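Architecture at a glance
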Amino acid sequence: MALQCGIVGLPNVGKSTLFNCLSNAKAQAANFPFCTIEPNVGVITVPDERLNKLAELVNPQRILPTTVEIVDIAGLVKGASKGEGLGNKFLANIRETDAILHVLRCFDDENVTHVDGSVNPVRDKEIIDYELQLKDLETIEARIQKVQKQAKTGGDKVAKQTYDILIKYKEALEQGKSARSVQFDTKDEQKIAHELFLLTSKPVMYVCNVDEKSAVNGNKYVDMVREAVKDENAEILVVAGKTESDIAELETYEDRQLFLEEAGLTESGVARLIRAAYHLLNLQTYFTAGVQEVRAWTFEKGWKAPQCAGVIHTDFEKGFIRAEVIKYDDFINFGSEAAVKEAGKLGVEGKEYVVQDGDIMHFRFNV
């Protein structure tokens, strides 16, 4: 599943520095707007200690973790929705992503120019929200013109539903609210809403980029952000971009752990960010474990066994017969698949089984 999170923010808030820490790809981190003109894409490994523990027991030929793509999108500015700067291009890049990591500058540094002259993360957030909302409103109004007549005069049920959804979105956007604030009850409504691909309907996480001394407890700017987004049902993550950059340059795991301890951190902000992005996309992990490979597979929370089988290969889903399931804790406690079977802990599940995070799966199929 090639799922993408887009890193957005005003120029010089630390997006590219953060991206450089996340990926081996090096975006140009410079002290002026638009230094990142093309979006940089990094395929990021999702840290999961469970994979390592399984590999220790199975001793496979190879270990394959699951991944998320991170896209570094160039800095937006006021007027982006009207094409200011490189606005149209950037907005198109955002539209292609599944979730948004909104980086906010929460540090003072006179050597790093702020595009608006002063540090105010709430103002910065509102600038980008406003630009994305304007673009969504433009999209909604164009769609309303297309379906309005059909919805009011014809007997097209889908057109009527679509029109009602568009009106709800229009009302919210005109009040300065994002599309994600509008909720729909039925699956049909949710499907129509999803297919509009609105920028502000995407799940968002605010990444507060702080100085080193604020990495553990945050600062006044982080408090401002928390207050501003308290009603948004959004996640907030505090990361010290400069500290993460220093950690990324250290060559050994031991050196990185020592650095973290000295900074008062238990793990890097990058590791927390990747896991948070994974959960933001409503993703979970199941495992396959054999002597050839121990592998993590990504699936959406709530998927049933045949859908999860299809992640490996479409034939697995088409010809699904059953799934043999071992709970992660049972595998660790008993130490092997054979021992799990002997203890009567291997479950045999059918098409209605909802796969759980951490399940170790073996699919039986016939095509």
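These numbers were taken from a predicted model, which means no experiment stands behind them.

On to the packing of helix 4 (residues 121-153) against helix 5 (residues 157-174). Contact geometry of helix 4 with helix 5 gives a least axis separation of 9 Å together with a crossing angle of 150 degrees. Our classification of the angle between helix 4 and helix 5 gives roughly antiparallel. Between helix 4 and helix 5 lies a crossing whose hand is left-handed. Contacts between helix 4 and helix 5 involve Gln-133, Asp-136, Leu-137, Ile-140, Glu-141, Arg-143, Ile-144, Val-147, Gln-148, Gln-150, Ala-151 and Lys-152 on the former and, on the latter, Ala-159, Lys-160, Thr-162, Tyr-163, Leu-166, Ile-167, Tyr-169, Lys-170, Leu-173 and Glu-174.

This next bit is on the environment of Leu-101. If you trace the backbone, Leu-101 turns up in strand 5 (residues 99-105). Leu-101 sits 29 residues away from Asp-72 along the chain, and the two C-alpha atoms are 9.7 Å apart. What Leu-101 contacts, discounting residues up to four positions off in sequence, is Cys-5, Gly-6, Ile-7, Val-8, Ile-70, Met-205, Val-207, Leu-273, Ala-277 and Leu-280.

Here we take up the sheet that holds strand 4 (residues 67-72). Read from one edge of the open sheet, six strands run 2-4-1-5-6-7, paired in mixed fashion. With partners counted over all chains shown, the strands left at the sheet margins are strand 2 (40-45) and strand 7 (235-239), one partner each. Averaged over neighbouring strand pairs, the angle between their axes works out to 25 degrees when direction is ignored. The pairing of strand 1 (residues 4-8) with strand 5 spans four bridges and is parallel. Among the inter-strand pairings, Cys-5 is bridged to a residue of strand 5, identified as Ala-99. Where helix 7 (residues 220-228) meets the sheet, its contacts fall on strand 5, strand 6 (204-209) and strand 7, and the angle it forms with strand 7 comes to roughly 170 degrees.

The way to describe two aromatic rings as a pair is by their centre distance and the angle between their planes. For the structure on display, the rule yields six aromatic pairs. Between Tyr-286 and Trp-297 the ring centres are 6.5 Å apart and the planes differ by 20 degrees, which places this aromatic pair in the stacked class. Of this pair, Tyr-286 sits in strand 8 (residues 283-289) while Trp-297 sits in strand 9 (residues 293-300), placing them 11 residues apart in sequence. Across from the ring centre of Trp-297, 4.0 Å away, lies the NZ or CZ of Arg-295, which sits over that ring.

Our focus in this paragraph is the nonpolar core. Counting residues in hydrophobic clusters, the biggest one holds 56 residues, and the most contacted among them are Cys-5, Leu-22, Ile-70, Ile-94, Leu-101, Cys-106 and Leu-273. No other element matches helix 10 (residues 269-280), which puts seven residues into this core. Residues Leu-137, Ala-172, Val-182 and Ala-193 belong to the second largest nonpolar core, which totals 19 residues.

Taken over all residues, the pLDDT of the protein has a mean of 85, while the share at 70 or more is 89%. Scored below 50 in pLDDT, residues 25-37 makes 35 contacts in the model with residues more than four places away or belonging to other chains.

As a further point, take the pattern of salt bridges. Summed over all chains, the structure comprises 19 salt bridges. Salt-bridge contacts for Glu-324 lead to Arg-364; the nearest nitrogen and oxygen are separated by 3.1 Å. Separated by 40 residues along the polypeptide, Glu-324 in strand 10 (residues 320-326) and Arg-364 in strand 12 (residues 360-365) bring together distant segments of the chain. Accessibility expressed as a relative area gives 34% for Arg-364, which makes it partly exposed. Connected via shared salt-bridge partners are Asp-48, Arg-50 and Asp-357.

What counts, and where the lines are drawn
Residues numbered from 1 in each chain as written. Predicted model: local features only at pLDDT ≥ 70, side-chain atom pairs only at ≥ 80, totals over all residues. Heavy atoms only, no water. Axes fitted to C-alpha atoms, helices over the stretch in contact; angles between N-to-C directions. Helix = DSSP H or I, 4+ residues; strand = E, 2+ residues; numbered from the N terminus. Parallel < 35°, antiparallel > 145°, perpendicular 65-115°, else oblique. Left-handed = near helix turned anticlockwise from the far one by under 90°. Contact = heavy atoms within 4.5 Å. Pairing = 2+ DSSP bridges. Phe/Tyr/Trp six-rings, centres within 6.5 Å; stacked < 30°, edge-to-face > 60°. Lys NZ or Arg CZ within 6 Å of the ring centre and 35° of its normal. Core = buried A, V, L, I, M, F, W, Y, C linked by side-chain atoms within 4.5 Å. Buried < 20%, exposed > 50% of the residue type's maximum accessible area, 1.4 Å probe, protein only. pLDDT = per-residue confidence, 0-100. Salt bridge = Lys/Arg side-chain N within 4 Å of Asp/Glu carboxyl O.

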